[in-house]
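# Inside the fold
The residues making up each chain are set out below.
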Amino acid sequence: MADNNEVKSRRDQHLDRLRNKYPDKKFEDDEEIYGQISDDYDTYEAELEGLRGREKSLSDMFAADPRSAQFLTDMHNGNDPVLGLVRNFGVEIKDVLDDPEMQDRIAEANKEYVERIANSKKLDEEYEKNMDNTLDTLRQFQAERGMSDEQIDQVVDFLLGVVRDGVMGKFSTETLNMACKALNYDADVAAAGEEGEVAGRNAKITEKLRKSNKGDGTAPLGGKNGQGASAARKPQSMFDLANEAM
């Protein structure tokens with residue numbers, strides 16, 4: 001039996017991937033399509049460069065002391081880290097811990113450890129508290145705007161993506177555009193209204209000036225060569241015309 005399923009071109013397949021990844025975009029013209037592809041490449045290259053940097057740091061550490069690699073492998077496999085230290089660095093590690101000259105440095109290291117654990121616990125508690133409030137806010141936000149679960153999920157996914165990018169020290173063009181729109185929206189609306197009002201006033205002033213330059217076609221009365229009419233009526237200044245236009 002013949003297969004009647006339509007075989008999509010590589011271009012259409014790639015467009016489907018982009019539209020699934022960015023559901024808020026239509027990708028109907030080449031500029032938007034290739035612009036997004038370029039942004040994605042930049043992101044992938046930045047991530048790859050970061051992975052290479054971290055890989056090199058680990059490689060350098062392992063090359064300097066191969067025992068560290070085995071110690072980390074043992075911990076990854078769930079082995080006791082204390083036994084791992086002895087297994088990889090020898091029982092001399094106990095002598096280092098008992099060395100009187102090392103006590104101050106060991107105490108300082110232990111202090112840092114205790115503070116880190118305490119801060120971690122505090123952050124966990126703060127996170128749980130904030131998350132409860134955030135869930136209530138999301139439910140209210142969704143109800144007020146009549147959003148579906150899929151829509152509110154997309155909003156949260158976008159925000160989480162921004163947070164992850166911030167932690168990694170990267171921001172995409174899409175995120176920057178969203179930030180610009182969010183920050184400038186009210187200002188742009190106000191500026192547009194003000195520009196429209198100024199444009200209207202300028203149009204009235206221009207019309208007044210045009211009529212003033214043309215005159216009304218009536219011959220001046222009194223005075224020699226029309227001088228009496230000029231003296232009787234003082235010409236309007238730009239300020240007079242502007243006040244009349246307002």
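Conventions and cut-offs
- Residues numbered from 1 in each chain as written.
- Predicted model: local features only at pLDDT ≥ 70, side-chain atom pairs only at ≥ 80, totals over all residues.
- Heavy atoms only, no water.
- Helix = DSSP H or I, 4+ residues; strand = E, 2+ residues; numbered from the N terminus.
- Buried < 20%, exposed > 50% of the residue type's maximum accessible area, 1.4 Å probe, protein only.
- Contact = heavy atoms within 4.5 Å.
- Areas by Shrake-Rupley, 256 points an atom, 1.4 Å probe, with all protein chains shown as cover.
- Salt bridge = Lys/Arg side-chain N within 4 Å of Asp/Glu carboxyl O.
- Core = buried A, V, L, I, M, F, W, Y, C linked by side-chain atoms within 4.5 Å.
- pLDDT = per-residue confidence, 0-100.
- Axes fitted to C-alpha atoms, helices over the stretch in contact; angles between N-to-C directions.
- Parallel < 35°, antiparallel > 145°, perpendicular 65-115°, else oblique.
- Left-handed = near helix turned anticlockwise from the far one by under 90°.
- Nonpolar A, V, L, I, M, F, W, Y, C, P; charged D, E, K, R; others polar.
- Polar contact = N/O pair within 3.5 Å; in protein donor to acceptor, adjacent residues only side chain to side chain.
- Expected span 1.5 Å × (residues − 1).
- Phe/Tyr/Trp six-rings, centres within 6.5 Å; stacked < 30°, edge-to-face > 60°.
- Lys NZ or Arg CZ within 6 Å of the ring centre and 35° of its normal.
- Arc of directions from axis to C-beta.
- Patch = residues over 30% accessible without salt bridge, like charges linked within 9 Å, V, L, I, M, F, W, Y side chains within 5 Å.
- Lys, Arg positive; Asp, Glu negative; His and termini not counted.
- Charge placed at Lys NZ, Arg CZ, Asp CG, Glu CD.

### Some points on the overall build of the protein
Secondary structure assignment for the protein yields 10 helices and 0 strands. Order of helices (α) and strands (β) in the protein, N terminus to C terminus: α-α-α-α-α-α-α-α-α-α. Evaluated residue by residue, the protein yields a buried proportion of 11% over its 246 residues. Look at the contacts in the protein between residues 6 or more apart in sequence, and 23% of them connect residues 24 or more apart. Here the protein has roughly 20,600 Å² of accessible surface; of this, 55% comes from carbon and sulfur atoms.

### Observations regarding the pattern of salt bridges
Across all of its chains, the model carries 8 salt bridges by this definition. A salt bridge links aspartate 30 to arginine 11, with the shortest nitrogen-to-oxygen separation between them at 3.1 Å. Of the two residues, aspartate 30 sits in helix 2 (residues 30-64) while arginine 11 sits in helix 1 (residues 10-21), which places them 19 residues apart along the sequence. Under the relative-accessibility criterion, aspartate 30 is labelled partly exposed at 42%. A residue is classified by how much of its surface remains accessible, and arginine 11, at 45% relative accessible area, is partly exposed. Put simply, aspartate 65 and arginine 67 hold a salt bridge, and the shortest N to O gap is 3.0 Å.

### Quick look at the nonpolar core
Of all hydrophobic cores here, the largest spans 6 residues; its members are Leu15, Leu18, Tyr22, Phe27, Ile33 and Ile37. Every element with two or more residues in this core is listed here: helix 1 and helix 2. Once residues lying within four places of it in the same chain are set aside, the contact partners of isoleucine 33 are Arg11, Leu15, Leu18 and Phe27.

### Examining unusual backbone geometry
A positive phi angle, near 55°, is found at phenylalanine 27, a position not held by glycine. Turning to its location among the elements, phenylalanine 27 is positioned in the loop between helix 1 and helix 2.

### As for the confidence of the model for the protein
Mean pLDDT over the protein works out to 76, with 73% of the residues at or above the 70 mark. Averaged pLDDT values for the elements of the protein fall to 45 in helix 9 (residues 227-232) and rise to 87 in helix 2. In the model, residues 218-232 has pLDDT below 50 throughout and makes 8 contacts with residues more than four positions away in sequence or in other chains.

### Observations regarding the packing of helix 6 (residues 103-145) against helix 7 (residues 149-168)
Here helix 6 crosses helix 7 at 130°, and the two axes come no closer than 10 Å. Looking at the two axes, helix 6 sits oblique to helix 7. Crossing handedness for the pair helix 6 and helix 7: right-handed. Contact residues: helix 6 offers Leu138, Phe141 and Gln142, while helix 7 offers Asp149, Ile152 and Val156. Partitioning the contact of helix 6 with helix 7 into residue classes produces 4 nonpolar, 1 polar and 1 charged.

### A look at the environment of threonine 173
Within the secondary structure, threonine 173 is located in helix 8 (residues 173-214). Residues threonine 173 and glutamine 36 lie 137 residues apart in sequence; the distance between their C-alpha atoms is 8.8 Å. Reaching out from threonine 173, the side chain makes a polar contact with the side chain of aspartate 39 at a distance of 3.4 Å.

### Focus: helix 6
Helix length check: helix 6 (43 residues) gives 61 Å between terminal C-alpha atoms against 63 Å at 1.5 Å per residue, within 8%. Positive backbone phi, at 60°, marks glycine 146, one or two positions downstream of helix 6.

### Brief notes about the packing of aromatic side chains
Each pair of aromatic rings is reported with the distance of its centres and the angle of its planes. Within the structure shown, the criterion is met by 1 aromatic pair. Geometry around phenylalanine 141 places arginine 145 over its ring, the cationic atom sitting 3.7 Å from the centre.

### Side note on helix 3 (residues 66-76)
All of the buried residues along helix 3 are Ser68, Phe71 and Asp74. Down the axis of helix 3, the smallest arc covering the buried residues is 125°, so these residues share one side. Opposite the buried face of helix 3, by more than 90 degrees, sit the exposed residues Pro66 and His76. A positive phi of about 90° marks glycine 78, the residue just after helix 3.

### With respect to a negative patch on the surface
On the surface, a cluster of negative charge is made up of Asp124, Glu125, Glu126, Glu128 and Asp132. Here aspartate 132 is to be found in helix 6.

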